Amino acid sequence: MADDVTTIITDIKNIASDILEKDVSVVRGFSERQVEAIAKQTFLIQKGVESGDIDEDLREFFLDGLEAMALNFVNTLKGILMVTLEKLWNALVSFLYKAVGIVI
Amino acid sequence: MHFKLLCQKILPLQILLVLLAFSSCEATLAPAYDQAIVGKVTESSDLAMRFFAEVDGGTTNESFAMREPIYNTLIGAFESLKLQAKARPVPNNTALEKINELLKSKGSGAISGEYPSAFAFEQIALTFKKMKETDREQGIKPLALQAFKGQIEIFLDQAITYESFLKR
């Protein structure tokens, strides 16, 4: 009994770890790319305004763009998190159902 | 780092508990993966990057007429992608409703029908529209061109990452 419980716990941990490790590495890569790109974009707008390449009208447009991209960066992370939760949930439910002998 | 912060903010443990309480077996919390959307984004982003390579260094409005058809193609392509991305049914179940209530109670926005990729496609189309208007009126100076390109690349990354991630 104790051995069976230990095996189930280990299997659940392995299922969760496999999904989380893979997904977190995707999220980390995406976050790093986005933060760096948004920082570069901010610097570029600043340089463009100073040099006169970006006029008042374009400056407003790019500032609105920065706000929209920051907002959507967070929303993309939320969307990815929902997919991860879904995968995690379905994998665990499938394993637990199989463990008690029910086929989904 | 950001993922950890996000995880802390929306309390995934509570979300899993909500799932446990309100789901009977398999849950659907995100839209279906659509190969047609991913294929079209790849094709359209390739066209966009080739266009940026052609106008590298800036443009003058005298030669705008030569570029106008490409602007129209790109605006049309990304507006069509926005519609395709939005057209997918929004997962709607008790678990998702409860998660949204939980997010709201934590001061965070709900997961809605506004998919991040659809928003990104809309922003890309708007950016090309603004770029076309600027090009027609006065031409585009080098740093402004780089800023247009940077904005489009950031939204493309968001859309491609999200759409690819839906393949589970």
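Bear in mind that the values here come from a model prediction, so they are computed numbers and not experimental data. (Residues numbered from 1 in each chain as written. Chains lettered and ligands numbered in written order. Predicted model: local features only at pLDDT ≥ 70, side-chain atom pairs only at ≥ 80, totals over all residues. Heavy atoms only, no water.)

Colleague: How should the overall build of chain B be read in this particular structure?
Modeller: If you tally the helices and strands in chain B, you get seven helices and zero strands. Written out in order from the N terminus, the α and β elements of chain B read α-α-α-α-α-α-α. Partitioning the contacts of chain B with sequence separation of at least 6, the portion at a separation of at least 24 is 85%. As presented, chain B carries roughly 8100 Å² of accessible surface, and 56% of it is formed by carbon and sulfur atoms. (Helix = DSSP H or I, 4+ residues; strand = E, 2+ residues; numbered from the N terminus. Contact = heavy atoms within 4.5 Å. Areas by Shrake-Rupley, 256 points an atom, 1.4 Å probe, with all protein chains shown as cover.)

Colleague: Can you walk me through the environment of Tyr-71 of chain B in this structure?
Modeller: Residue and element names in this part refer to chain B. Relative to the helices and strands, Tyr-71 is located in helix H4 (residues 64–87). Residue Tyr-71 is classed as buried on the basis of its relative accessible area, which comes to 0%. Note: C-alpha distance between Tyr-71 and Lys-129 (58 residues apart in sequence) is 7.6 Å. Setting aside residues no more than four positions away along its own chain, Tyr-71 makes contact with Phe-51, Phe-64, Phe-128, Met-131, Lys-132, Asp-135 and Ile-140. Side chain to side chain, Tyr-71 and Asp-135 meet in a polar contact 2.7 Å long. (Buried < 20%, exposed > 50% of the residue type's maximum accessible area, 1.4 Å probe, protein only. Polar contact = N/O pair within 3.5 Å; in protein donor to acceptor, adjacent residues only side chain to side chain.)

Colleague: Looking at this structure, how should I read the confidence of the model for chain B?
Modeller: Close reading of the predicted structure is inappropriate where its pLDDT is low. Model confidence for chain B is summarised by a mean pLDDT of 86, while 79% of its residues fall at 70 or above. For this predicted complex, the interface confidence comes out at an ipTM of 0.88, alongside a pTM of 0.84. (pLDDT = per-residue confidence, 0-100.)

Colleague: Would you take a moment to explain the interface of chain B and chain A for this structure?
Modeller: Bring the parts together and some accessible area is lost; that lost area is often taken as the interface size. Across the contact, 49 residues belong to chain B and 49 residues belong to chain A. In total, about 4500 Å² of surface goes out of reach between chain B and chain A, with carbon and sulfur atoms giving 73% of it. Viewed at the interface, chain A and chain B are joined by three salt bridges. Of the charged contacts, one joins Lys-130 of chain B and Asp-57 of chain A as a salt bridge, the two residues approaching to 2.7 Å between their closest N and O atoms. Put simply, chain B and chain A have 15 residue pairs in polar contact (both at pLDDT 80 or more) between them. Secondary structure elements with two or more residues in the side of chain B that touches chain A: helix H1 (2–10), helix H2 (12–22), helix H5 (94–105), helix H6 (116–138) and helix H7 (142–165) of chain B. (Buried area = accessible area lost by both parts, 1.4 Å probe. Salt bridge = Lys/Arg side-chain N within 4 Å of Asp/Glu carboxyl O.)

Colleague: When you look at empty space enclosed by the protein in this model, what are you seeing that I'm missing?
Modeller: Tallying each qualifying case throughout the model produces one cavity of 30 Å³ or more. In this structure, the largest cavity spans a volume of roughly 40 Å³. Forming the boundary of the largest cavity are Asp-53 and Leu-58 of chain A together with Thr-134, Gln-138, Gly-139, Ile-140, Lys-141 and Ala-144 of chain B. Partitioned by chemical class, the residues of the lining of the largest cavity number three nonpolar, three polar and two charged. (1 Å grid on protein atoms, 1.4 Å probe; cavity = no way out; pocket = protein on both sides within 12 Å on 5 of 7 lines; lining within 4 Å. Points joined across faces, edges and corners; volume = space filled by probe spheres on them. Nonpolar A, V, L, I, M, F, W, Y, C, P; charged D, E, K, R; others polar.)

Colleague: Mind showing me how you'd approach H6 of chain B here?
Modeller: Residue pairs three or four apart in sequence face the same way in an α-helix, which turns once every 3.6 residues. Between its first and last C-alpha, H6 of chain B extends 33 Å over 23 residues, near the 33 Å set by a 1.5 Å rise per residue. Within two residues after H6 of chain B, Gly-139 of chain B carries a phi angle of roughly 80°, on the positive side. (Expected span 1.5 Å × (residues − 1).)

Colleague: Explain the packing of aromatic side chains to me, please; I cannot follow it from the model alone.
Modeller: Two descriptors summarise a pair of aromatic rings, namely the distance from one centre to the other and the angle between the planes of the rings. As enumerated under the stated definition, the model contains 10 aromatic pairs over all chains in all. Ring plane angle 55° and centroid distance 5.7 Å describe the contact between Phe-30 of chain A and Phe-73 of chain A, whose orientation is recorded as tilted. Residue Phe-30 of chain A is located in helix H1 (residues 2–51), and its partner Phe-73 of chain A is located in helix H2 (residues 56–99); the two are separated by 43 residues in the primary sequence. Neither Phe-30 of chain A nor Phe-73 of chain A differs from the other in exposure class; each is buried. Here Phe-78 of chain B and Phe-121 of chain B contribute two aromatic rings whose centre-to-centre distance is 6.5 Å and whose plane-to-plane angle is 35°, an arrangement assigned as tilted. (Phe/Tyr/Trp six-rings, centres within 6.5 Å; stacked < 30°, edge-to-face > 60°.)

Colleague: Explain the side chain of Thr-59 of chain B here, please?
Modeller: All names here are of chain B. With respect to the helices and strands, the residue Thr-59 is situated in the loop between helix H3 (35–54) and H4. The buried category is assigned to Thr-59, whose relative accessible area is 11%. Polar contacts involving the side chain of Thr-59 include one to the side chain of Asp-135, which spans 2.8 Å. Contacts of Thr-59, omitting those with residues within four sequence positions, involve Arg-67, Asp-135, Gly-139 and Ile-140.

Colleague: Teacher, can you tell me more about the packing of H3 of chain B against H7 of chain B here?
Modeller: Axes are the key here: two packed helices are described by the angle between their axes and the distance separating the axes. All names here are of chain B. Contact geometry for H3 and H7: axes closest at 11 Å, N-to-C directions at 165°. With respect to their mutual orientation, H3 and H7 come out roughly antiparallel. The interaxial crossing formed by H3 with H7 has left-handed handedness. Taken together, the residues of H7 that come into contact with H3 (itself represented by Ile-37, Val-38, Val-41, Ser-45, Met-49 and Phe-52) are Leu-145, Phe-148, Lys-149, Ile-152, Glu-153, Leu-156, Ile-160 and Glu-163. (Axes fitted to C-alpha atoms, helices over the stretch in contact; angles between N-to-C directions. Parallel < 35°, antiparallel > 145°, perpendicular 65-115°, else oblique. Left-handed = near helix turned anticlockwise from the far one by under 90°.)

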